[in-house]
Amino acid sequence: MSKIRTVLDKFPLRVVLCVGLPIILVCVSVLIISLRGSLNSIIRFERVDIPGLTADSDMSGWASLDKDSYFLGQHAQARIRVLYRDDRVKPDFDKFKRDMGFFPFDQLGLSESQSDIGNGITEYILDYKLHVIGVRKPGSYALKPAVLFYSRIQDDAGSNLHTLRILRPDLHLASFYPWSAGTISLRGIREQIFNQNPLRQTVMLLGGLVLLGLAAFLLWRFGYRRHQAELTEPEQLWYQFRQINNHIKDNRLYLLRCEKIFTRLLQHQISMDPEMFWSGDEPVDESWCKTVNKAREILRRVYQAGEIADDDVHQMNSLLAERLALAVEGQRLELEQHPSFISRIMQQRRVAQLTGIITAISISMLILAGLPDLWLAPEIKKYNETVVRIQSGQGSVENLLLDLQAFAGSARIQKIRAAAFYNSGTTRAANSFGDLAPAAQLQILDLVFQAESADALLQTLLLAELSGSEEEVVTMFVNAAERLLQSELDLQSATRIISGDEEILRNLELATKRRHALLTRLVQLRDLFKMNAMSGTDEDILSDQGLVNIIDAKLPEEYEDAEMAKDNSSYIIFERF
C-alpha cells in the first residue's frame with residue numbers, strides 16, 4: 001500500500017488535467033450532439049462483377065440495380081457503367097445524363113465518376129438514387145434502354161454520330177398484402193422518443209464517474225497528511241530541517257543539528273558516510289564537491305572556540321535547503337503541517353478551484369445520465385408532446401394533423417421528420433372516414449373491396465345504415481379518397497427520409513390500395529348514376545347528374561377513363577418522354 005501511495009504522490013496536477021479535460025470535452029460533445037439531434041443514413045451500391053471491354057470493342061455499357069425487387073416507397077440504387085477507348089471514341093455524357101429517365105420512379109440523387117483503368121480504357125459510372133413511388137400495383141416495370149451518343153475520332157465528318165443502347169433491368173415491385181386488403185389494420189403510430197442512443201447515456205455516466213473519481217483523487221493527493229513512518233528518508237530529513245528552523249535559536253546547536261541532517265543526506269544520496277566526510281575525501285559525484293567542501297569548512301568552526309557567526313548559520317541553512325529541495329517536494333511537506341484537512345486544501349487555491357469545478361461537472365453529468373429526458377433535443381420534446389396529444393385525443397384530429405405536418409416540414413432532425421410524417425400519414429389513413437369508429441371504417445373498407453358491383457355496395461351501405469343517402473355515400477368516398485391522398489403524400493415523404501422502414505412501407509401500401517379501391521368505386525358509381533339519369537324522371541336526372549358532377553370534380557385525370565380503374569396487375573409501364 002505504501003508503494004502505491006508513493007507512486008500516486010508523484011502525480012502532478014497537470015497529469016490530472018490531461019486526464020480530465022478529454023473526458024469533459026467528449027461528454028460536452030455528446031451533450032451538444034444530443035441537443036441538436038442527428039441521424040446519418042448511408043446507402044451504398046453493392047457492386048456486381050461486370051465483364052470488361054473486349055479487345056475488338058471500342059465501347060460497351062451495362063446497367064444494374066442493387067436489389068432484385070423493391071416495395072412501394074423503398075429507395076433503389078441504379079448504376080450505369082460505360083467502358084470506352086478514349087483515343088477512338090468521344091461520348092456525349094452531358095446529353096446522356098439529361099435524357100436519362102426513370103418514369104414512373106422519382107430520382108432523388110445522382111453521382112458520377114470517371115477514371116482511367118489502364119490499357120487506354122476509361123470507365124464512366126453514373127449512380128442514381130431512385131424512389132419507388134408513382135406506381136400502385138405489384139409487378140415488373142420495364143425501363144426504356146438508355147441511349148448514349150458518341151462519335152469516332154477517326155471518322156469523316158457527316159457520318160460521325162453513333163449510338164450505344166444500354167439495356168436496363170426491369171424493376172420488380174413486390175407487395176406485403178393481397179390486393180383485397182380491406183380488413184387489414186394499419187401499423188400504429190410511432191411512440192414517444194425518450195432515448196436517442198443508449199450509448200450516449202452510458203458515455204455520460206462513465207464520464208461523470210471518472211471525473212468524480214478524479215476529484216476524489218485530487219482531494220486525497222493534495223489534502224491528506226502522511227504519518228512520519230510514511231515519509232521517505234529525504235522527506236524525513238526535510239521535516240527535521242523544518243523543525244530545527246522553527247524551534248532552535250542557538251547558532252552552535254543549530255549547526256550541530258544541521259551536521260547530523262547533512263551527513264545523513266550524503267549517506268543517502270552519494271553513499272558518503274560521516275567518516276569519509278570528516279577525513280577530507282572528495283565525493284565521487286563531482287556535482288557535490290563544492291557543497292561538501294563548503295559544508296566541511298562551516299561545520300569545522302562549530303568545534304572551535306568562540307562565537308558562531310550568523311553568516312555561517314545562513315550559509316549552512318541555504319546550502320542544506322537547496323540540496324533538500326532537490327530531493328523532496330518541500331511545498332507538500334509544508335502543507336502537511338496544517339492541522340485540518342480543509343485548511344490544507346484551502347492553502348492550495350488552484351487545487352480547491354479545480355476540484356470544485358470537476359466535482360460540479362461530474363455531478364451534472366451523473367444527473368443527466370440518470371435523467372436523459374432533460375437533454376433530449378427540443379424537436380424531440382416537441383414531437384413527444386404531439387404524440388401525447390394524439391394518443392389522448394386532445395383537440396380535433398384535423399388540427400393535430402395540421403400541427404404535425406407543419407412540424408414535420410420544419411424539423412431539422414431527419415429521424416423526427418420521418419416519424420412526424422409517418423404519424424401524420426398513418427393517423428389520416430386510420431381516420432379516412434371521419435369520426436366513424438375504427439370497426440365501422442374497416443367494415444366500409446371491406447365492403448369497398450369485396451362488393452360485387454357498385455350498386456350492391458351502395459345498397460349494402462344504405463341498408464346497414466352506414467350512410468344516410470346516396471349523396472352521403474359519394475361525399476364520404478370523396479372525402480376519404482382526399483384524406484388517403486394526403487396520407488400517401490405524408491408516408492411518401494417519410495420514405496424519402498428513411499428507406500427500408502417496414503412499418504412506413506406497409507402503411508403506404510395500404511393507403512395506396514385503399515385510395516385506389518375508393519376511386520375505382522367512385523368511377524363505377526358515376527357510371528351507375530349516369531345510367532340512372534338516362535332512364536329516370538326529371539327529378540332523378542337532376543339528383544343523379546348532381547352526384548355525377550361531384551364525382552367528376554374530384555376524380556383524378558387518370559380515372560377519367562373507367563378502363564384505367566380496372567384491376568390489371570400484369571401490365572408493364574414504359575418510360576414516356
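In the block above lies the structure referred to throughout.
From a predicted model like this one, the values you see are computed outputs, not experimental measurements. Residue numbers restart at each chain and count upward from 1, following the sequence in its written direction. Per-residue local features are limited, in this predicted model, to residues with pLDDT of at least 70; the limit for side-chain atom pairs, both in listing and counting, is 80 or more; totals at the level of whole chains, interfaces and linings are taken over all residues. Each side-chain value is derived from all of the structure's non-hydrogen atoms; neither hydrogens nor water enter the calculation.

Q: Before we go on, may I ask you to explain the sheet that holds strand E9 (residues 162-166) in this structure?
A: The strands making up a sheet associate through hydrogen bonds between their backbones, and the pairing can be parallel or antiparallel. Sheet architecture is open: 3 strands sit in the order E4-E8-E9, paired in antiparallel fashion. Of all strands in the sheet, those with a lone pairing partner are strand E4 (89-91) and E9, marking the two edges. This sheet shows a mean twist of 35° between the axes of neighbouring strands, independent of strand direction. Bridge count for strand E8 (residues 146-152) against E9 is 5 bridges, and the pairing is antiparallel. Its bridge partner being in E9, Phe149 is matched across the sheet by Thr163. Whether two strands pair depends on DSSP finding at least two bridges between them. Elements are defined by DSSP. Helices are runs of H or I of four residues or more, strands are runs of E of two residues or more, and each kind is numbered from the N terminus. The convention used is that axes are lines fitted to C-alpha atoms, helices contributing only their stretch in contact, and that angles between N-to-C directions extend from 0 to 180 degrees.

Q: Please clarify how the nonpolar core should be interpreted in this entry.
A: Nonpolar side chains in soluble globular proteins tend to be buried together. Ile80, Val82, Phe96, Phe477 and Leu525 are the most contacted members of the largest nonpolar core, which has 92 residues in total. With 12 residues, helix H19 (residues 502-535) is the single largest residue contributor to this core. We call two residues in contact whenever any of their non-hydrogen atoms come within 4.5 Å of each other. Other than its neighbours up to four places away in sequence, Ile80 contacts Trp62, Ala63, Phe96, Met100, Tyr124, Ile125, Leu126, Tyr128, Ile166 and Arg168. For this analysis, a nonpolar core means a set of buried residues of the types Ala, Val, Leu, Ile, Met, Phe, Trp, Tyr and Cys, connected via side-chain atoms within 4.5 Å. The rule is simple: take the accessible area with a 1.4 Å probe, protein chains only, and divide by the maximum for that residue type; under 20% is buried, over 50% is exposed, in between is partly exposed. Core analysis: the next-biggest nonpolar cluster, separate from the first, contains 28 residues, Ile270, Ala295, Leu299 and Leu319 among them.

Q: Looking at this structure, how should I read the pattern of salt bridges?
A: A side chain of one charge can pair with a side chain of the opposite charge when the charged atoms of the two come close. When a carboxyl oxygen of Asp or Glu is within 4 Å of a side-chain nitrogen of Lys or Arg, the pair counts as a salt bridge. All told, the structure shown has 15 salt bridges when counted by the stated rule. With its nearest N and O atoms 2.8 Å apart, the salt bridge here joins Asp58 to Arg88. Of the two residues, Asp58 sits in the loop between helix H2 (13-36) and strand E1 (59-65) while Arg88 sits in the loop between strand E3 (75-85) and E4, which places them 30 residues apart along the sequence. Taking relative accessible area as the criterion, Asp58 reaches 16% and is therefore assigned buried. By relative accessible area, which is 39% here, Arg88 ends up partly exposed. Asp127 is the partner of Arg79 in a salt bridge, and the nearest nitrogen-oxygen pair spans 2.7 Å. Highlighted residues: Arg79 in strand E3 and Asp127 in strand E6 (residues 121-131), separated in sequence by 48 residues. Of the residues examined, Asp127 reaches a relative accessible area of 15% and is grouped as buried. Through salt bridges with shared partners, a single ionic network connects Asp58, Arg88 and Arg152.

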